[in-house]
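For reference, the chains in residue letters:
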Amino acid sequence: MMEATLEEVATLPPEIANLSKLQFLEISESPRLKVLPRELGKLGRLTWLCLAESGIEELPEELGELSRLRSLIIRSLPKLKVVPESFSKLVGLRELDVCDNRDVFGKRSPVQLPALGALVELRSLSLNSNHLQSLPTGLGNLTKLESLDLNFNSLTELPDELSQLTRLESLSLCYNKLKALPMLFTSNARWASFMSAA
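A few points on the structure. Numbering of residues starts from 1 in each chain and follows the order in which that chain's sequence is written. Reporting in this predicted model follows two pLDDT cut-offs: at least 70 for local features of residues, and 80 or more for side-chain atom pairs to be given and counted; totals over whole chains, interfaces and linings ignore these cut-offs and use all residues. Side-chain numbers here rest on the full set of heavy atoms in the structure, without hydrogens or water.

1. A closer look at the nonpolar core
Rules: In this text, buried Ala, Val, Leu, Ile, Met, Phe, Trp, Tyr and Cys residues form a nonpolar core when linked through side-chain atoms within 4.5 Å. Burial status follows relative accessibility: with a 1.4 Å probe on protein chains alone, a residue under 20% of its type maximum counts as buried, one over 50% as exposed, and anything between as partly exposed. Secondary structure elements are taken from DSSP: a helix is a run of H or I of four residues or more, a strand is a run of E of two residues or more, and numbering for both begins at the N terminus. Should any heavy atoms of two residues lie within 4.5 Å, those residues are counted as being in contact.
Among the nonpolar cores identified, the biggest contains 49 residues, and Leu49, Leu72, Leu96 and Leu125 are the most heavily contacted of them. If you list the elements that add at least two residues to this core, you get β2 (24-30), β3 (48-54), β4 (71-75), β5 (95-99) and α1 (102-105). Filtering out sequence-adjacent residues up to four positions away, Leu125 remains in contact with Leu96, Leu116, Leu139, Leu142, Leu145, Ser147, Leu148 and Asp149.

Shown next, in the form of structure tokens:
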């Protein structure tokens with residue numbers, strides 16, 4: 001496991017790829033770090049990756065090559081400008097936490113989350129505190145999802161496809177601008193219990 005707080009570090013060396021047996025990597029509290037090396041994608045045994053409270057502006061396309069990744073946390077990256085489409089290649093993910101990036105995905109930002117429909121093994125998805133006005137496409141494909149956290153966004157409606165998430169055990173919708181719920185939410189007893197408990 002490698003955990004690094006790099007307050008004065010502006011770059012990570014490409015030699016990080018030499019850590020071929022690394023399984024857990026956390027890079028946090030690194031305000032000067034703007035770019036991650038493409039060689040990050042060569043960490044073939046990595047299963048857990050946390051990028052938090054840093055100055056990272058772009059996630060490398062090679063992120064999608066981390067085929068063994070099971071947990072990905074992208075939290076509090078206020079300068080993030082690019083989220084690669086290669087996200088869709090992380091088909092083994094069980095947990096995706098993209099939280100507290102309100103300055104990145106807010107209404108004045110061109111940055112969008114890519115479609116997540118290919119991540120069919122996801123059990124937990126957290127998108128809270130992002131000022132999202134709409135959700136990424138393809139969420140209806142995530143039929144193994146058990147937990148979905150959408151708190152503290154700017155959602156005014158939810159897509160009907162969320163009604164396909166029949167394994168969902170926890171749904172958090174607080175502090176949004178919802179005006180209505182999909183019809184299937186209110187007609188399905190199981191969904192109704194979630195809504196009344198929220």
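2. Considering the side chain of Ser129
Note the threshold: In protein, a polar contact means a hydrogen-donor-capable atom and an acceptor-capable atom, both N or O and within 3.5 Å, with residues adjacent in sequence counting only if both atoms are side-chain atoms; elsewhere, any N or O pair within 3.5 Å suffices.
Within the secondary structure, Ser129 sits in the loop between β6 (124-126) and β7 (147-149). For Ser129, a relative accessible area of 9% puts it in the buried group. A polar side-chain atom of Ser129 sits 3.0 Å from a polar atom in the side chain of Asn128. Contact partners of Ser129, with chain neighbours within four places excluded, come to Cys99, Asp100, Asn101, Arg102, Asn151, Phe152 and Asn153.

3. Section: the pairing of β4
So the rule is basically this: Paired strands, as defined in this entry, are two strands with at least two bridges between them according to DSSP.
For β4, the buried fraction is high: four of the five residues fall into the buried class. In terms of strand pairing, β3 meets β4 through five bridges, oriented parallel. Looking across to β4, one finds that Leu49 is bridged to Leu72. Where β4 lies against β5, five bridges are found, and the strand directions are parallel. Residue pairing in the sheet places Arg75 in a bridge with Cys99 of β5.

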